[in-house]
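Residues per chain, in single letters:
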Amino acid sequence: MTRENPTTRANRQYSRSFILTMGLYVMTLPFAVGFVNTLPQGDPLRYVVILIPVLPLLATLLVFMRWLRGVDEFQRKVQFEGLAFSMAVTVVITLTLGFLERAGFPRLDTLWIPIMMIFLWGLGVALANRRYR
């Protein structure tokens, strides 16, 4: 009987849990946005409702952290390099945009920052994988 690679097991568990938590996010987001639009301005319930999709995102974060602890050292190194790349490039981009805003450039909606970070993380992981393979 062959023993399963810890990274393979972690990847399988991560995939199932990630799909579940992101599925919950995808379901709660339109509900929260739609419902918040039916509430009057100034209603404190608006703040509670609009934050509902954050709960599955927090669960997704926990799923990721469990996955990261379950993979081998090489995969952790690749993920670390991807995250470091994402952080560094995000800092440069957001500071550049901040300086440009002072000169009159349109303001970036902060909702785009995590999207940019996730994209750059994926790019950083791809670059690290390419470097080590």
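Residues numbered from 1 in each chain as written. Predicted model: local features only at pLDDT ≥ 70, side-chain atom pairs only at ≥ 80, totals over all residues. Heavy atoms only, no water.

Enquirer: How should I be thinking about the nonpolar core in this particular structure?
Expert: A general feature of soluble globular proteins is that nonpolar side chains tend to end up buried together. With 5 residues, the main nonpolar core is built from Ala 10, Phe 64, Trp 67, Leu 68 and Val 71. Top element by residues in this core is helix H3 (residues 54-70). It accounts for 3 residues. Apart from the residues lying within four places of it in its own chain, the contact partners of Phe 64 are Tyr 14, Gln 79 and Trp 121. (Core = buried A, V, L, I, M, F, W, Y, C linked by side-chain atoms within 4.5 Å. Buried < 20%, exposed > 50% of the residue type's maximum accessible area, 1.4 Å probe, protein only. Helix = DSSP H or I, 4+ residues; strand = E, 2+ residues; numbered from the N terminus. Contact = heavy atoms within 4.5 Å.)

Enquirer: When you look at the environment of Val 63 in this model, what are you seeing that I'm missing?
Expert: Topologically, Val 63 is positioned in helix H3. Owing to a relative accessible area of 6%, Val 63 belongs among the buried residues under this scheme. Residues Val 63 and Arg 16, spaced 47 residues apart in sequence, show a C-alpha to C-alpha distance of 9.7 Å.

Enquirer: Explain helix H4 (residues 73-102) here, please?
Expert: Helix length check: H4 (30 residues) gives 43 Å between terminal C-alpha atoms against 44 Å at 1.5 Å per residue, within 8%. Considered for burial, the residues of H4 that qualify are Gln 75, Val 78, Gln 79, Gly 82, Ser 86, Thr 90 and Leu 97. Turning to H4, the residues buried within the fold contact H3 and helix H5 (112-132). Backbone nitrogen of Phe 74 and a side-chain oxygen of the N-cap are separated by 3.3 Å at the start of H4; the cap is Asp 72. Note on H4: the residue one or two positions beyond its end, Gly 104, has a positive phi of about 110°. (Expected span 1.5 Å × (residues − 1). Polar contact = N/O pair within 3.5 Å; in protein donor to acceptor, adjacent residues only side chain to side chain.)

Enquirer: Explanation requested: the packing of helix H1 (residues 6-36) against H3 in the structure shown.
Expert: Between H1 and H3, the shortest axis-to-axis distance is 9 Å and the interhelical angle comes to 175°. In terms of axis orientation, H1 runs roughly antiparallel to H3. Two secondary-structure elements touch here, H1 through Pro 6, Thr 7, Ala 10, Asn 11, Tyr 14, Ser 17, Phe 18, Thr 21, Met 22, Leu 24, Tyr 25 and Thr 28 and H3 through Pro 56, Leu 57, Ala 59, Thr 60, Val 63, Phe 64, Arg 66, Trp 67 and Gly 70. Classifying every residue of the contact of H1 with H3 gives 13 nonpolar, 7 polar and 1 charged. (Axes fitted to C-alpha atoms, helices over the stretch in contact; angles between N-to-C directions. Parallel < 35°, antiparallel > 145°, perpendicular 65-115°, else oblique. Nonpolar A, V, L, I, M, F, W, Y, C, P; charged D, E, K, R; others polar.)

Enquirer: Whenever I open this one, the packing of aromatic side chains confuses me. Can you help?
Expert: Summed over the entire model, instances satisfying the criterion amount to 6 aromatic pairs. Relative to Trp 67, the ring of Tyr 14 has its centre 5.3 Å away and its plane inclined at 40°; by these criteria the two rings are tilted. In this pair, Tyr 14 sits in helix H1 while Trp 67 sits in helix H3, placing the two residues 53 residues apart along the sequence. Since its relative accessible area comes to 9%, Trp 67 is described here as buried. Here the aromatic residues Tyr 14, Phe 18, Phe 64, Trp 67 and Trp 121 are joined through ring pairs into a cluster of three or more. (Phe/Tyr/Trp six-rings, centres within 6.5 Å; stacked < 30°, edge-to-face > 60°.)

Enquirer: It is not clear to me how H3 should be interpreted in this structure. Could you clarify?
Expert: Turn by turn, an α-helix covers 3.6 residues, leaving residues three or four places apart pointing in a common direction. Helix length check: H3 (17 residues) gives 24 Å between terminal C-alpha atoms against 24 Å at 1.5 Å per residue, within 8%. For H3, the elements touching its buried residues are H1, H4 and H5.

Without other data, these values stay purely geometric and don't point to any function.
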